[in-house]
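# Inside the fold
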Amino acid sequence: MASGHVTTETSAAPVQAQFEYVRRGPSSLLAGIVTELIGFRELVPVYVRQTEVASLHVPLVISFGEPFAIGLSRAPGDNDRFASFAAGIHAGPVVIDSFGQSCCIQVNFTPLGARRFFGMPMSELADRMVPFDELLGTAGHRLRERLGDETDWHQRLDLAESFIIERLAKTAPASSEIGWALGEIMASGGRSRMATLASEIGWSRKHLAARFADQVGVGPKTIARIVRFNRATGLSKQPNRAGWADLAAECGYADQAHLVREFRNLAGTTPTGLGYS
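How each quantity is defined
Residues numbered from 1 in each chain as written. Predicted model: local features only at pLDDT ≥ 70, side-chain atom pairs only at ≥ 80, totals over all residues. Heavy atoms only, no water. Helix = DSSP H or I, 4+ residues; strand = E, 2+ residues; numbered from the N terminus. Salt bridge = Lys/Arg side-chain N within 4 Å of Asp/Glu carboxyl O. Buried < 20%, exposed > 50% of the residue type's maximum accessible area, 1.4 Å probe, protein only. 1 Å grid on protein atoms, 1.4 Å probe; cavity = no way out; pocket = protein on both sides within 12 Å on 5 of 7 lines; lining within 4 Å. Points joined across faces, edges and corners; volume = space filled by probe spheres on them. Nonpolar A, V, L, I, M, F, W, Y, C, P; charged D, E, K, R; others polar. Axes fitted to C-alpha atoms, helices over the stretch in contact; angles between N-to-C directions. Left-handed = near helix turned anticlockwise from the far one by under 90°. Contact = heavy atoms within 4.5 Å.

Okay, the environment of alanine 187 next. Checked against the element boundaries, alanine 187 lands in helix H4 (residues 176-187). Sequence separation of alanine 187 and valine 227 is 40 residues, and the distance between their C-alpha atoms is 9.3 Å.

Set out below in structure tokens:
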């Protein structure tokens, strides 16, 4: 998997992991549905651990190689092996181990794009990795075979895009109300008030939360936390940025300690641990 900020460590420091990596944006036909498509293959048999921070990406991984070991907010165990799968939103770090023989395509969906593509309540994907065959059945199995027979990465990504476009032609768009509310949360940097959003739509806060669980996978407050955190990480990378206390205030945290707690909750480490000074 390859979404969001990634930190990497290897089991043998002198040996550097080597891989093929092809990354591109989607066709205009998939605007608002898919954010990027990635081809990835490891070339050297070396163990690598990555930690991905919480994000709004909903990844679909189609594997042609060795499974990954994946743990949500923890190190993966021996039984946490996943090859081809989709994963919903998780408000915490995702720890991924690979062992030198991984080869896959990853499609990163927006939350509402994933809802439309998979045609299922996103609450069924939240905080989970669900096997590819359970989600797409025979059609998905045929797609994986076609992708596995192709050797050119761009041809593989073209096939994946075509499959998504054809499937979307048979599905209904996501809720316009949830689309608006999600846009408001993102535009505000995660500082929108849930009561205000619900009132603008004409819903109760409880109904808003229920619809978010169906369409997005988690409630609007959780989405706001992730958006606020991602804004803080983005601002922290800027040159000549403000100090952490000022940055915390700008992003809507009660204080610097609150920001640091959210880094621990959503990234599994402190800002310094992510490489931000």
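Take the pattern of salt bridges next. Taken as a whole and assessed by the stated rule, the structure comprises 9 salt bridges. Put simply, aspartate 158 and arginine 24 hold a salt bridge, and the shortest N to O gap is 2.6 Å. One end of the pair, aspartate 158, is in helix H3 (residues 153-168); the other, arginine 24, is in strand E2 (residues 19-24), with 134 residues separating them in the sequence. Since its relative accessible area comes to 32%, aspartate 158 is described here as partly exposed. Through salt bridges with shared partners, a single ionic network connects Arg24, Asp158 and Glu161.

Of the voids in this model, the second largest pocket is the one considered here, and its volume is about 210 Å³. Contributing to the lining of the second largest pocket are Ala139, Arg142, Leu143, Arg146, Ser162, Phe163, Glu166, Arg167 and Lys170. Tallied by class, residues from the lining of the second largest pocket come to 3 nonpolar, 1 polar and 5 charged.

Right, let's talk about the packing of H4 against helix H7 (residues 220-236) for a bit. At their nearest, the axes of H4 and H7 sit 9 Å apart, and the two run at 35° to each other. Note on packing geometry: the crossing formed by H4 with H7 is right-handed. The segment H4 lies against H7, with Leu182, Ile185 and Met186 engaging Pro220, Ile223, Ala224 and Val227. Tallied by class, residues from the contact of H4 with H7 come to 7 nonpolar, no polar and no charged.

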